[in-house]
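# Structural features, examined
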Number of protein chains: 4
Amino acid sequence: MTLNKWQRMTEWPLTVLALVFLLAYSWEVLARTHVSLCETTINVIWIVFIVDYVVSISLAHDRKTWFKNNLLLLVSIMLPIFRPLRLLRLVAVLNVLNRTSGMAVRGRITLYVCSSVVLLIYVGSLAELDVERNAPGTTITDFGKAIWWAFVTTTTVGYGDMSPVTWQGKCIAVGLMIAGIALISVITATLASWIVDRVSDEADKRANETESETTRLSSNVAELTDAVNRLRDDIAKLRESPTADDRR
Amino acid sequence: MTLNKWQRMTEWPLTVLALVFLLAYSWEVLARTHVSLCETTINVIWIVFIVDYVVSISLAHDRKTWFKNNLLLLVSIMLPIFRPLRLLRLVAVLNVLNRTSGMAVRGRITLYVCSSVVLLIYVGSLAELDVERNAPGTTITDFGKAIWWAFVTTTTVGYGDMSPVTWQGKCIAVGLMIAGIALISVITATLASWIVDRVSDEADKRANETESETTRLSSNVAELTDAVNRLRDDIAKLRESPTADDRR
Amino acid sequence: MTLNKWQRMTEWPLTVLALVFLLAYSWEVLARTHVSLCETTINVIWIVFIVDYVVSISLAHDRKTWFKNNLLLLVSIMLPIFRPLRLLRLVAVLNVLNRTSGMAVRGRITLYVCSSVVLLIYVGSLAELDVERNAPGTTITDFGKAIWWAFVTTTTVGYGDMSPVTWQGKCIAVGLMIAGIALISVITATLASWIVDRVSDEADKRANETESETTRLSSNVAELTDAVNRLRDDIAKLRESPTADDRR
Amino acid sequence: MTLNKWQRMTEWPLTVLALVFLLAYSWEVLARTHVSLCETTINVIWIVFIVDYVVSISLAHDRKTWFKNNLLLLVSIMLPIFRPLRLLRLVAVLNVLNRTSGMAVRGRITLYVCSSVVLLIYVGSLAELDVERNAPGTTITDFGKAIWWAFVTTTTVGYGDMSPVTWQGKCIAVGLMIAGIALISVITATLASWIVDRVSDEADKRANETESETTRLSSNVAELTDAVNRLRDDIAKLRESPTADDRR
């Protein structure tokens, strides 16, 4: 069994489990009923993710590289505070959907960024609410406030009307800030690439002209070769004619 | 009747209606007199926009694509809180004015961004003032404060001396934050494209030299062709002269 | 007298006046002595700047374009609140110093941005202190606090420990925010251009190879032309020899 | 002794000293025991750094250029408040490790930025805690809060729940803000370069086609040269045959 085969096999089941995890987590935080059922579900899914991680790394060809490329996955499994990162698997699914639809690079990046941001703000708000709700001196007391805080943090506006008071809440906040910077960077970079392309359209036209110049040159050389070949025929005839002359 | 024809027909009337909407909305929020007249005007214009949306989608060739490309339009029609988005039609008019004046890509982007930002800050302030003014615990109590808050939010500075307390106000704030990030991104991207171009001026000069190298090569081949042709003439004369020789 | 000649003539005197303006303004705000002398100096310089504006626009070839390109200059002359903008003339002097030293585009942009930011933060703090100092409820009470506030605003951090309370102070704040966004944009764009160049060094090498391929091709064609010419000589000799044959 | 040799000789000892400095500084601020031992260590290392600076500048070929390129080093030596900058030497070591591993430009930039940011936030928090801890009215009272404050500042979020009150603390804050802007810029620029490359892959393919066009042209010219050479042989045979004719 290769890693590739394993990943193809587990891709959809794990995505479904990530969705179930999202639902169980949302239910636990927002409804606050059936807490023990939700916790059990979350723990079972956690064990499945650990099993997947262990199997994946044991199947990997180059374990060191795989380990380095999947540090975020390890973090999301080892530290309960970062377990919402497991939902990044949902973003990974976009990769599958995309491969078939053949979108352009920029379109794909935009799709990833938008989905990741929506997911991050939703899950960040949930996690923040979960850890802050009962802290003394907290200002994040319901989901609406948590969503508002997540937006204010991710966009780096930071009014300060609400800010986390627990260390777990601050960890989540740092995660959202970094995500926010990444978001701004990706949007700017994608736009820059688009504008550079738009502006260089004219330059491209000039390049096409150069190309056509080369093509024209190529056809000139072809004509020239023809001319030289006809010349050889002429000379061949010339060589034949003196021979004819000799025979006479 | 095609969608194109419909859009050309309705372009100017709808722009005028958007302007009337802006005036009625400003009057209602700032002057707070003739509220019922303003409301009626706004509602009539709303119905016209719904009619335009329905006609447009029924005339569209590929309805699914049109629907996807005009999600923002649907949002601005369906949700009263987002009705200021209808004013984006005023920015769309710039498109028409521009097409004729033949500005460069970067000039056009700059013009769009500046107009959109001015419009967004103005309308965002209006909308924020409208929903926050009478909320308990609000800090946004007059138009000057609303404008100041809109600037602080859009530039992502976020002092926190004023921040929305109602959920509608928070929605508008999120809109302004996203607009602010878009603004920073567009400015950065446009500048980056400009600097890349400036720096690559030298590279362009080198490219021109390559081009001239190709041109020189082309003229070399032309000379060569001439030489070969003269050669053919020489050989033709050579063939003639032995014939003359034969005859003697 | 042309506009160019006028500008060359007035460049240094106006720069010196801008420096005097900076000193008088700093003295007035920071030392708060000789206020009337400082005010007189500032007003005299103001009149000189108005005269320069009027003479410049009357000498301009295309007055409409000149007017559009110098809107910021007009604003700095007409609105007392924006008079610190007159100091941008000091940044303009860098242009002169630079033209001679032949720096690269990116070096020049970096120099401009750093000087402008230092000047803007200094003058912004001065102006803010000037208008806020005696306002009721102000937090910006000395120059150190004003500098700190200017940094917090320009970098878009916006703690909110200090924020302007007067409308003039808010105008200056908006100016600094916009400058801050411009600053971030210019830094990012310059860096992006630098990285793109670094990465494309390899691509450049490949381009050089293509160029050398063209050069090699060109020399091949030259050799070929030589070959054809020698061929012509051979044929010429061939033509001569039958003539020699004839004579015998 | 040249500057290069001196730098190679002192590279590792100075890096170790920078590490010892980091440990002594951390111990002094966090443990608050053995303060006088830590202070002595820091002062001894300081003297070593001054000696290195003096020796380096006296060995430098072009002292003015070296002075300009090492302003930050001078600042870190002269001003006690900026002594954490000495730790930038630790980042400089990455340069050595990197040169051998042959990473690509973007990979190297990413590595530098991540290490610098981690180091800056850690040392910034330490320094901030050191100067703010005992100030009246401070909010930064333990290391956790200082780290949280450093993140909020560097990402330019700026909630304002904590902000420095001493002028030294504000200097450090300005340093972190500038670092934050640099961080956002570098991330954006690196991403922009990556996206531009990804998008231009297609354009590259087209460029390759042009190259192959040139290659084809080149082989055409080679064929043509062959044809002309065979032509010369034919003519040479032609010249020989009449001579043979003459002998007969």
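Residues numbered from 1 in each chain as written. Chains lettered and ligands numbered in written order. Predicted model: local features only at pLDDT ≥ 70, side-chain atom pairs only at ≥ 80, totals over all residues. Heavy atoms only, no water.

### Observations concerning the interface of chain D and chain A
Chain D puts 41 residues into the contact, and the matching count from chain A is 42 residues. On the surface where chain D and chain A come into contact, there are four residue pairs in polar contact (both at pLDDT 80 or more). For the side of chain D that touches chain A, the elements supplying multiple residues, two or more each, are helix 7 (143-154), helix 8 (167-199) and helix 9 (201-247) of chain D. A breakdown of the residues in the side of chain D that touches chain A according to their chemical character gives 23 nonpolar, seven polar and 11 charged. (Contact = heavy atoms within 4.5 Å. Polar contact = N/O pair within 3.5 Å; in protein donor to acceptor, adjacent residues only side chain to side chain. Helix = DSSP H or I, 4+ residues; strand = E, 2+ residues; numbered from the N terminus. Nonpolar A, V, L, I, M, F, W, Y, C, P; charged D, E, K, R; others polar.)

### Some details on the UniProt feature "domain: Potassium channel" (unreviewed entry) in chain A
Those residues carrying the UniProt feature "domain: Potassium channel" (unreviewed entry) are residues 122-196 of chain A in this numbering. Annotation note: span residues 122-196 of chain A, helix share 71%, strand share 0%, distance between end C-alpha atoms 33 Å. (UniProt positions renumbered as here; feature names shortened; annotations may be inferred.)

### A short note on the UniProt feature "transmembrane region" (unreviewed entry) in chain A
Residue and element names in this part refer to chain A. With numbering matched to this structure, UniProt assigns "transmembrane region" (unreviewed entry) to residues 41-59, 71-97, 109-131, 143-160 and 172-196. Secondary structure content for residues 41-59 is 100% helix and 0% strand, while the C-alpha to C-alpha distance between its ends is 27 Å. Overall, residues 143-160 shows 67% helix and 0% strand. The separation of its end C-alpha atoms is 17 Å.

### Things to note about the interface of chain B and chain A
Taken residue by residue, the interface counts 41 residues in chain B and 40 residues in chain A. Contact between chain B and chain A buries roughly 3,600 Å² in total, counting both sides, with carbon and sulfur atoms accounting for 72%. The interface formed by chain B and chain A contains four residue pairs in polar contact (both at pLDDT 80 or more). Of all the secondary structure elements, the ones that give two or more residues to the side of chain B that touches chain A are helix 6 (105-132), helix 7 (143-154) and helix 8 (167-247) of chain B. Element by element, the count of residues in the side of chain B that touches chain A is highest for helix 8 of chain B, at 28 residues. (Buried area = accessible area lost by both parts, 1.4 Å probe.)

### A few points about the packing of aromatic side chains
All names here are of chain B. Counting across every chain of the model gives 16 aromatic pairs over all chains. Their ring planes at 5° and their centres at 5.9 Å tell us that Phe 21 and Tyr 25 sit as a pair that is stacked. Note that Phe 21 and Tyr 25 are positioned in helix 1 (residues 3-31) at a spacing of four residues, about one turn of the helix. Overall, Phe 21 belongs to the buried group, its relative accessible area being 1%. (Phe/Tyr/Trp six-rings, centres within 6.5 Å; stacked < 30°, edge-to-face > 60°. Buried < 20%, exposed > 50% of the residue type's maximum accessible area, 1.4 Å probe, protein only.)

### Digging into the confidence of the model for chain A
All names here are of chain A. Overall, the prediction assigns chain A a mean pLDDT of 80, with 83% of residues at 70 or greater. For chain A, per-element mean pLDDT is lowest for helix 5 (residues 88-101), which scores 63, and highest for helix 7 (residues 143-154), which scores 92. Interface confidence for the predicted complex, expressed as ipTM, amounts to 0.73; the pTM equals 0.79. (pLDDT = per-residue confidence, 0-100.)

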